[in-house]
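Reading the structure
Read off the chains here:
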Amino acid sequence: MQEAAAEHRAALVRFVLPRVKDHAAAEDIVHDVLLRAWERQSQLRDETKLSAWLYQMTRFAIADHYRAQRPSVELPEDLIAPENEDRVVQELAQCLTPLIAQLPEEYRLPLEMNELEGRTQQEVAEHLGLSLSGAKSRVQRARTKLQESLLRCCRVELDHRGSVMAHDCVSNCGCSRSVS
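Residues numbered from 1 in each chain as written. Predicted model: local features only at pLDDT ≥ 70, side-chain atom pairs only at ≥ 80, totals over all residues. Heavy atoms only, no water.

**Brief notes about the packing of helix α2 (residues 23-39) against helix α3 (residues 50-69)**
α3 packs onto α2 with a crossing angle of 130 degrees between their chain directions and a minimal axis gap of 9 Å. Comparing their axes, α3 and α2 come out oblique. The chirality of how α2 crosses α3 is right-handed. On α3, the residues that touch A25, I29, V33, L34, R36 and A37 of α2 are W53, L54, M57, T58, A61, I62 and H65. Here the contact of α2 with α3 is built from residues that sort into ten nonpolar, two polar and one charged. (Axes fitted to C-alpha atoms, helices over the stretch in contact; angles between N-to-C directions. Helix = DSSP H or I, 4+ residues; strand = E, 2+ residues; numbered from the N terminus. Parallel < 35°, antiparallel > 145°, perpendicular 65-115°, else oblique. Left-handed = near helix turned anticlockwise from the far one by under 90°. Contact = heavy atoms within 4.5 Å. Nonpolar A, V, L, I, M, F, W, Y, C, P; charged D, E, K, R; others polar.)

Shown next as structure tokens:
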């Protein structure tokens, strides 16, 4: 393995060099790849695929090289979440309670067990006598039905990250935030 990998060293450096534009960085990347290959040689099932395996590891190493160079910015210590974020999320959670209760039992039970009780979908399947795929399907359908119900009765405003910023509910929603 060691000799075969060493034979690829020059070709790997030639492969990396145009992608990183720095000979020392290319050498470092190839060195790390060959070291990783040596440590993981038991994962290579077919010696005839050594070259493809090394090139794939090299592609990942190049991506890691660029990820490590991304500039990072220190966040100020006084940066906190908006004060109303927790309140808004709690209010929206109160709106979900009556909507969950309105779901058909075949969807409500798996959703409550998985999302509210924290059981795995495998545990839900075993408890309800379903296959794992059946439990997953019911939880997903329940989420979809819940989302549809929520969007019918509430206007939800999200920020660019998908976090809830605000919401307003209509009078027939059944939650405490309903407005006329």
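**Some points on α3**
Between its first and last C-alpha, α3 extends 29 Å over 20 residues, near the 28 Å set by a 1.5 Å rise per residue. Those residues of α3 that fall on the buried side of the exposure criterion are L50, W53, L54, Y55, M57, T58, A61, I62 and H65. (Expected span 1.5 Å × (residues − 1). Buried < 20%, exposed > 50% of the residue type's maximum accessible area, 1.4 Å probe, protein only.)

Keep in mind these values describe shape, not function.
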